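Read off the chains here:
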Amino acid sequence: MDLVEVLPQRLHMLRFPIGQAYLWRDGEALTLIDAGHAGSAALVEEAVRSLGLDPRRLERIVLTHCHRDHVGAAEELAGRWGAQVLAHRLDAPVVRGELPVPEPVLLDWEIPLYEHGLTVPPAPPTRVDREVEDGEVLPFGDGAVVVHAPGHTAGSIGIHLPRHGVLFTGDCIAGVGRVMQGVFNVDGAQARASFRRLAALAPSVACFGHGDPLTQDAAAALLAAAAEPSLP
C-alpha cells in the first residue's frame, strides 16, 4: 500500500493494489473515506501511525458504496478503534450482508477488468452505524455534504467539503489516465446523471476511487469530461 499526501496536514490517499481510500484530518480527529480491501486494516493502521497520528482518533469511516475494495477493512478497523461506519440507506443492507452485491451491466470491454477486480477478497458483513441520505451534513471537514450519486450502485455517494473545495467521488468518476465515468455500473443512465451532478460542484480537488487525485484545474477537467457527448 502507498501513502500519498494530497493536501498538507489535511488529506492523504491510501493506495491499494486495487482501489484506494482517503484519510481526512481535522486536527487529531480522523475520518476515512472508504476503507480498502479485507485484510488491509493493519496497513491502514501503520499508515496512520507513520503520520504521527493515533488510530484511536479515527471517528468515522464513510463508505462511498458497497463494493468489496471499498468496504473490506471497515469492520475490522471500526472494531479495533470504535469508529462509526456510515453508508447510504440504499447500500447499507448490502454492506451488512443482508442483500447480495448488485450485479453491474457490463460492456464487453469491462468484463476482463471486472474479473480482475474480483481477485480482491470479498468484504465480510460490516455493521452500518448510520445510514445517510442526500444533503446530510457530516461533522468533519467543516461540514461534509453527502451527495447521492446513484448508478454505480443504488446507494453510491460523493462527499463534498465545500469549505475546502474537496470532492470525494467514489467510483462515480475515475481518473485512470483521464477523467472518465466509472465502470461496472448497475444503471448507466443514472451514472451519467450522477457524473454531471458531481462535476457541477466544481471542486478544486477531486479524489477518485480509482486513479490519482486532481489537485490542479479539477473543476475544469470534470466539467469538460461531463460535457463530452461520448460519455458512456
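Up top you'll find the structure we're talking about.
Definitions and cut-offs
Per chain, the residues get numbers from 1 upward, laid out in the order the sequence is written. In keeping with the predicted nature of the model, local features appear solely for residues at pLDDT of at least 70, side-chain atom pairs appear and are counted solely at 80 or more, and the whole-chain, interface and lining totals rest on all residues. With hydrogens and water stripped out, all remaining heavy atoms of the structure feed into the side-chain values. A patch consists of residues whose relative accessible area exceeds 30% and which take part in no salt bridge; residues with like charges are grouped when within 9 Å of each other, and nonpolar side chains (Val, Leu, Ile, Met, Phe, Trp, Tyr) when within 5 Å. Here the Shrake-Rupley method, with its probe set to 1.4 Å, supplies the accessible areas, and only the displayed protein chains count as covering residues. Salt bridges are identified by distance alone: a Lys or Arg side-chain nitrogen within 4 Å of an Asp or Glu carboxyl oxygen. Working definition: helices are DSSP H or I runs of at least four residues, strands are E runs of at least two. Numbering for both runs from the N terminus. Exposed residues in this analysis have more than 50% of their type's maximum accessible area, buried residues have under 20%, and partly exposed residues fall in between, with area computed by a 1.4 Å probe over protein chains only. One less than the number of residues in a helix, times 1.5 Å, gives the span that helix is expected to have. Throughout, a contact is declared for two residues whenever any of their heavy atoms are within 4.5 Å. A 3.5 Å cut-off defines polar contacts: any pair of N or O atoms within that distance qualifies, except that in protein one atom must be a possible hydrogen donor and the other a possible acceptor, and neighbouring residues in sequence count only when both atoms are side-chain atoms. Pairing between strands is defined by DSSP: at least two bridges between the two strands are required. To obtain an axis, a line is fitted to C-alpha atoms, over the contacting stretch when the element is a helix, and the angle between two such axes runs from 0 to 180 degrees between their N-to-C directions. By convention, a stacked pair of Phe, Tyr or Trp rings (six-membered ring in the case of Trp) has centres within 6.5 Å and planes under 30 degrees apart, an edge-to-face pair has planes over 60 apart, and any other such pair is tilted.

### What to know about a nonpolar patch on the surface
Nonpolar side chains collect at one region of the surface, where Met1, Leu3 and Leu43 lie side by side and expose about 210 Å² of accessible area between them. Along the chain, methionine 1 falls in the segment before strand 1 (2-7). Overall, the relative accessible area of 35% leaves methionine 1 in the partly exposed class.

### Digging into helix 6 (residues 188-199)
In this model helix 6 runs 16 Å from its N-terminal to its C-terminal C-alpha over 12 residues, within 8% of the 16 Å that 1.5 Å per residue would give. Where helix 6 is buried, its residues touch strand 9 (144-148), strand 10 (157-161), strand 11 (166-170), strand 12 (173-174), strand 13 (180-181) and helix 7 (218-227). Here helix 6 starts with a cap whose side-chain oxygen sits 3.1 Å from the backbone nitrogen of alanine 189, and that cap is aspartate 187.

### Focus on the pattern of salt bridges
A side chain with one charge may pair with a side chain of the opposite charge, provided their charged atoms come close. Under the definition given, this model contains 16 salt bridges. For arginine 96, the salt bridge identified is with glutamate 131, shortest N-O distance 2.9 Å. Within this pair, whereas arginine 96 is found in the loop between helix 4 (92-95) and helix 5 (111-117), its partner glutamate 131 is found in strand 7 (residues 130-132), the two being separated by 35 residues in sequence. With relative accessibility at 25%, the residue arginine 96 sits in the partly exposed group. Residue classification places glutamate 131 among the partly exposed residues on the basis of a relative accessible area of 34%. One salt bridge in this structure joins arginine 130 and glutamate 136, with 2.8 Å as the shortest N-O distance. Here arginine 130 falls in the partly exposed class, since its relative accessible area comes to 26%.

### With respect to the side chain of threonine 64
Among the structural elements, threonine 64 can be located in the loop between strand 5 (58-62) and helix 2 (68-71). Among the residues examined, threonine 64 registers a relative accessible area of 1% and is labelled buried. Setting aside residues no more than four positions away along its own chain, threonine 64 makes contact with Ile33, Asp34, His70, Gly155, Ser156, Ile157 and Gly170.

### What to know about the sheet that holds strand 5
Strand order in this open sheet of seven strands is 1-2-3-4-5-6-7, and the pairing throughout is mixed. Every interior strand has two partners, whereas the edge strands, strand 1 and strand 7, have only one. For this sheet the average axis-to-axis angle between neighbouring strands, irrespective of direction, equals 25°. Both strand 3 (residues 20-26) and strand 4 (residues 29-33) contribute to a ladder of five bridges, which runs antiparallel. By the bridge assignment, arginine 25 is partnered in strand 4 with leucine 30. Helix-sheet contacts for helix 3 (residues 74-81) involve strand 4, strand 5 and strand 6 (84-88), and the interaxial angle to strand 5 is about 160°.

### Remarks on the packing of aromatic side chains
Under the defined criterion, the tally for this structure stands at two aromatic pairs. Measuring from ring centre to ring centre gives 5.2 Å for tyrosine 114 and phenylalanine 184, while their planes differ by 70°; the resulting arrangement is edge-to-face. With tyrosine 114 in helix 5 and phenylalanine 184 in the loop between strand 13 and helix 6, this residue pair connects regions lying 70 residues apart in the sequence. For tyrosine 114, a relative accessible area of 18% translates into the label buried.

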